[in-house]
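Given next are the chains, with one letter for each unit.
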Amino acid sequence: MTTQAAVLLTVVWGGVVAADSAAFLQLLLSQPFVCGTVTGALWGHTALGCELGAILQLFSLGVLPVGGRPPEDFPVGTVVGVAVAAILTGVDPVASAQGGPLLFGVLAAFVTALVGRSLLVWLRHRNEGLARWTETRLADGDLGALDRAQWAGVALTFALGMAWTALALSLFAFVGEALFRGGGVAFGRAWQTGSPILWGFGIGSVARGLTRGNRARIVFWTALVGFMALRLWQPS
Amino acid sequence: MSEPGVWTPEATPEPAIAPPAPRLLPARTLWAMFGRLMLLQAVWNYERMQGIGFAHALAPAARRLAKDDAEAARSLVPQAGYFNTHPVMAAVAVGVVADQLERRARGETALDDAGILRVKQALGSSLAAMGDPLFWNAVRPLLALTAVYGWRDDRSWLGALTIVAGYNTFALGYRLRGLFQGYARGLAYVAQLARRLGPMTAGLRTVAGVIAALVVSTVLLPAGGGSAAQAILSVTGVALGLMFFGAARLGPGEWGLAIVLVVLAWATLAPGF
């Protein structure tokens, strides 16, 4: 696949996962492990997509899409992070061998997810106007207004997801290439240190959420001791 | 033989059991409502949250019960107001409200718009209290952790399929069942949901906790072995996550960004360490 085709498909995929995360279907295509794997496959780097997707999945499990709290935009963040890491893989072979593009990809994903939260807030406020318009039309006896409003909402979410993916991807690819051309070895070194901490923090935070209550805590720690013993003493 | 003027049980005629009233909404209408539930949050906003999506899902029923489109549209205005619950469990609320609208159309109950709205609001919060822990805190982590474990231990990308297929088998099945049962049995269906879903949620969370322990073991002792420095860093990460996540008002995105920036600064400023 050419780079142009991969960029185009990535941008469309960014729109799909943005819509899937709330507005349309909610099939969980927007879960980081799923959208990271697909993005990696689009760029011919499925393993890279799985690695970043898995780390971001652990962090995103701490986000509950409940009530009015705007969640971090992990779906678009993952798509952008994986695509940027895939682009940078070919820039500096030494840094790539050490995992430098992965660290820059995670950085891009977190920044995109955090900034994307403001876009979600903007979208939700914009939907207030659409909802008021729908109510007025319903009161006037226009039943079709509901369909039009709903599909407009999906289209707006999809378009915003595509636009944000395109913008963040161009920005991070440009900055990343400039940094890696000057030598991305620091990123490679940082990945060697950062990867175990990110994995550890991610799963630690998930375990914290799942071990509320004495019974859950006892089950978790017993299972952990058992699994550690099995891994230590399994025949090599 | 009973004496005249003396009451005996045999003398009382058996009360006739009224045949159940025929349902006004055919399966076709319910399937149309099911399809529309996929767009429940399309116009999610801070004022009405899922209100417009709720009215949109209810529209096929309203159209069936009203004389024409205009009357159906006007009957949906109250339904487009504030509503929020877990998106899967919303199917139950849509089914129950469709049942109530049908009863009102048949003149069975004295329910007015305000009464139906009160039922809808009560359903929203009680269904959210069941659906959020089940889907967001049990099913989603269980499937996601299974996928992550598959990647950590076996380098398998098939976890992506596990998440999508596993969640949708459960969620689509529950949406369908919730809508049809909510319509068929009304509020009686909701009454027994908590009894069933509570133990299921607790069981799934326990299993998710065990899989979390499995993933922690693969992080601390990776399959190919690892250096002592990496083991120390992994233990530090797990300990930080277990002790401090959620404690400092930082979301997961802020924590992740902070960790990346700290290790990047460390690698840049102390390259020989």
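Rules used throughout
- Residues numbered from 1 in each chain as written.
- Chains lettered and ligands numbered in written order.
- Predicted model: local features only at pLDDT ≥ 70, side-chain atom pairs only at ≥ 80, totals over all residues.
- Helix = DSSP H or I, 4+ residues; strand = E, 2+ residues; numbered from the N terminus.
- Expected span 1.5 Å × (residues − 1).
- Buried ≥ 20, exposed ≤ 12 C-beta atoms within 10 Å, placed from the backbone.
- Contact = placed C-beta atoms within 7 Å.
- pLDDT = per-residue confidence, 0-100.
- Domains from an automatic or database assignment.
- Bend = angle between axes of the 7 residues up to and from the residue.
- Nonpolar A, V, L, I, M, F, W, Y, C, P; charged D, E, K, R; others polar.
- Axes fitted to C-alpha atoms, helices over the stretch in contact; angles between N-to-C directions.
- Left-handed = near helix turned anticlockwise from the far one by under 90°.
- Parallel < 35°, antiparallel > 145°, perpendicular 65-115°, else oblique.
- Core = buried A, V, L, I, M, F, W, Y, C linked by C-beta atoms within 7 Å.

### Section: the overall build of chain A
- Tallying secondary structure elements over chain A gives nine helices and zero strands in all.
- Scanning chain A from its N terminus toward the C terminus, one meets helices and strands in the order α-α-α-α-α-α-α-α-α.
- On the principal axes, the C-alpha backbone points of chain A span a range of 75 × 55 × 25 Å.

### Section: helix 9 (residues 252-269) of chain B
- The terminal C-alpha atoms of helix 9 of chain B lie 26 Å apart, and with 18 residues this matches the ideal 26 Å at 1.5 Å per residue to within 8%.
- Turning to helix 9 of chain B, its buried residues number three or more, namely Pro252, Gly253, Trp255, Gly256, Leu257, Ile259, Val260, Val263, Leu264 and Ala267 of chain B.
- If you follow the buried residues of helix 9 of chain B, they end up packed against helix 3 (46-60), helix 6 (100-139) and helix 8 (185-210) of chain A.

### Quick word on the confidence of the model for chain B
- Scored by pLDDT, chain B has a mean of 91; 92% of the residues are at 70 or more.
- Under the prediction, the complex receives an ipTM of 0.95, its pTM being 0.93.

### Notes on the domain arrangement of chain B
- According to the domain assignment, chain B consists of domain 1 (27-209) and domain 2 (226-269).
- Using only C-alpha atoms to locate each centre, domain 1 of chain B and domain 2 of chain B end up separated by 38 Å.

### A look at helix 2 (residues 51-65) of chain B
- The terminal C-alpha atoms of helix 2 of chain B lie 20 Å apart, and with 15 residues this matches the ideal 21 Å at 1.5 Å per residue to within 8%.
- The sharpest bend along helix 2 of chain B measures roughly 45 degrees and falls at Ala59 of chain B, with the proline Pro60 of chain B sitting one to four residues further on.
- Most of helix 2 of chain B sits inside the fold, with twelve of its 15 residues counted as buried.
- Where helix 2 of chain B is buried, its residues contact helix 6 and helix 7 (144-181) of chain A together with helix 1 (27-36), helix 3 (69-76) and helix 4 (90-106) of chain B.

### Section: the interface of chain A and chain B
- Each partner contributes residues to the interface: chain A has 81 residues there, and chain B has 82 residues.
- Elements represented by at least two residues in the side of chain A that touches chain B include exactly helix 2 (32-42), helix 3, helix 6, helix 7, helix 8 and helix 9 (214-233) of chain A.
- Counting residues per element, the side of chain A that touches chain B draws most heavily on helix 8 of chain A, at 19 residues.
- Of the residues belonging to the side of chain A that touches chain B, the class tally is 52 nonpolar, 21 polar and eight charged.

### Examining the packing of helix 3 of chain A against helix 5 (residues 113-154) of chain B
- The geometry of helix 3 of chain A relative to helix 5 of chain B is characterised by a closest axis approach of 10 Å and an angle of 145 degrees between their N-to-C directions. Regarding helix 3 of chain A and helix 5 of chain B, the two cross each other, and that crossing is left-handed. Counted together, Cys50, Ala54, Gln57 and Leu58 of chain A of helix 3 of chain A and Ala144, Val148 and Trp151 of chain B of helix 5 of chain B form the full contact between these two elements.
- Across the contact of helix 3 of chain A with helix 5 of chain B, the residue classes break down as six nonpolar, one polar and no charged.

### A short note on unusual backbone geometry
- Phi is positive for Gln26 of chain A, which is not a glycine, with a value near 55 degrees.
- Inspection of the secondary structure puts Gln26 of chain A in the loop between helix 1 (3-20) and helix 2.
- The phi torsion at Met49 of chain B lies on the positive side, around 50 degrees, for a residue other than glycine.
- Note that Met49 of chain B resides in the loop between helix 1 and helix 2.

### Some details on the confidence of the model for chain A
- Looking at chain A as a whole, the pLDDT averages 94, with 98% of positions reaching at least 70.
- Looking over chain A, one finds the lowest element-wise mean pLDDT in helix 5 (residues 93-98) of chain A, namely 88, and the highest in helix 2 of chain A, namely 98.

### Remarks on the packing of helix 1 of chain B against helix 6 (residues 159-185) of chain B
Residues and elements named next belong to chain B.
- Helix 6 packs onto helix 1 with a crossing angle of 135 degrees between their chain directions and a minimal axis gap of 10 Å. The orientation of helix 1 with respect to helix 6, classified from their angle, is oblique. With respect to the hand of their crossing, helix 1 and helix 6 are arranged in right-handed fashion. Within the contact between the two elements, helix 1 uses Leu30, Met33 and Phe34 and helix 6 uses Arg175, Leu176, Leu179, Phe180 and Tyr183.

### Focus on the environment of Gln181 of chain B
Residue and element names in this part refer to chain B.
- Here Gln181 lies in helix 6.
- Since 18 C-beta atoms lie within 10 Å of it, Gln181 is described here as partly exposed.
- The sequence separation of Gln181 and Val96 amounts to 85 residues, and the corresponding C-alpha distance is 8.3 Å.
- For Gln181, the residues in contact, after removing those within four places along its chain, are Gly95 and Tyr189.

### Looking at the nonpolar core
- Grouped together as the largest cluster of nonpolar side chains are 159 residues, with contacts concentrated most on Val84 of chain A together with Leu58, Val94 and Ala212 of chain B.
- At 15 residues, the largest contribution of residues to this core is made by helix 5 of chain B.
- Filtering out sequence-adjacent residues up to four positions away, Val84 of chain A remains in contact with Phe104, Gly105, Ala108, Leu169, Phe172, Ala173 and Gly176 of chain A.

### Side note on the environment of Leu48 of chain A
Residue and element names in this part refer to chain A.
- Mapped onto the elements, Leu48 comes out in helix 3.
- Considering only alpha carbons, one finds Leu48 and Thr37, eleven residues apart in sequence, at a separation of 8.0 Å.
- The contacts of Leu48, once residues within four sequence positions are left out, are Gly40, Val82, Ala85, Ala86 and Leu102.

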